[in-house]
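Results of the structural survey
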Amino acid sequence: MNKEDVIREFKDAGALLEGHFILSSGLHSSRYLQCALALSEPSRAKRLSDSLGKKIIENIKSKIDIVVSPAMGGLIIGHEIARYLDVPSIFLERVNGKFDLRRGFRIKPGANCLLVEDIVTTGLSSNESIDVIKGHGGNIIGEACLIDRSSGKVNLETQLISLTSIHIPTFDKDEIPESLKNIPAIKPGSRNIS
């Protein structure tokens, strides 16, 4: 699946949104990729995850023992990638603002863990997740995502494998362009939901 195919999948699902958005990172953007919507149709989720799964196998030569994903964004794609790789899937949840394992999930010491997210923009959630995985004794062997919004500029402690990379400009709250200032900001992400 090439970049145009991935963008078409998101457009066909109505998951490439235009407006004024506040991302989970706190940055502002004129476009938002709503992965939950793109993955809500099982056949589309299978096409996207199978394509990403193939890239994972091509790029990660270590045995993958378990897929770990941060909730909420990584839940669906993490499970789909685990299905493709035929390994267990667990997820991290925020407890008092910090990621942790719940629901009886555990990481066996020394387990080779693949971190899977939907979108990577700043790497904040990724690096928080990596710290939790390491804190539970896991060995992080890579990260995979559907879309790298950083265009390869994100600074992670591991390699990032993305289905595609899309550059969508982001802005600090003090640097919002005039074209966005008069559009009400929407916060579609899951971080800090109360």
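Residues numbered from 1 in each chain as written. Predicted model: local features only at pLDDT ≥ 70, side-chain atom pairs only at ≥ 80, totals over all residues. Heavy atoms only, no water.

1. Quick notes on the nonpolar core
Residues F10, L52, I56, I81, L114 and L146 are the most contacted members of the largest nonpolar core, which totals 32 residues. Taken together, the elements giving at least two residues each to this core come down to α1 (3–12), α2 (35–38), α3 (42–59), α4 (75–85), β6 (112–120), β7 (139–148) and β8 (160–165). Contacts of I81, omitting those with residues within four sequence positions, involve S49, L52, G53, I56, V67, L114 and V116. Core analysis: the second largest hydrophobic core is formed by 14 residues, I66, V68, I90 and I107 among them. (Core = buried A, V, L, I, M, F, W, Y, C linked by side-chain atoms within 4.5 Å. Buried < 20%, exposed > 50% of the residue type's maximum accessible area, 1.4 Å probe, protein only. Helix = DSSP H or I, 4+ residues; strand = E, 2+ residues; numbered from the N terminus. Contact = heavy atoms within 4.5 Å.)

2. A look at the sheet that holds strand β9 (residues 170–171)
Strand order across the open sheet formed by 3 strands is β1-β2-β9, with antiparallel pairing between neighbours. Looking at strand neighbours, the two that pair on one side only are β1 (16–22) and β9, the edges of this open sheet. Alignment of strand β2 (residues 28–33) against β9, held across 2 bridges, turns out to be antiparallel. Within the sheet, the bridge partner assigned to S29 lies in β9 and is T170. (Pairing = 2+ DSSP bridges.)

3. Comments concerning α1
An α-helical segment advances 3.6 residues per turn. Residues three or four places apart therefore align on the same side. Considered for burial, the residues of α1 that qualify are V6, E9 and F10. An end-on view of α1 places all buried positions within 95° of arc, on one side of the element. Set apart from the buried face of α1 by more than 90 degrees, the exposed residues are E4, K11 and D12. Contacts made by the buried residues of α1 are with β1, β2, α2, α3, β7 and β8. (Arc of directions from axis to C-beta.)

4. Focus on the pairing of β2
Of the pairings in the sheet, the one linking β1 to β2 comprises 5 bridges and is antiparallel in character. Residue pairing for β2: L16 is matched across the bridge by L33. Counting the residues in the hairpin turn of β1 and β2 gives 5 residues, including G26, whose phi is positive at 95°.

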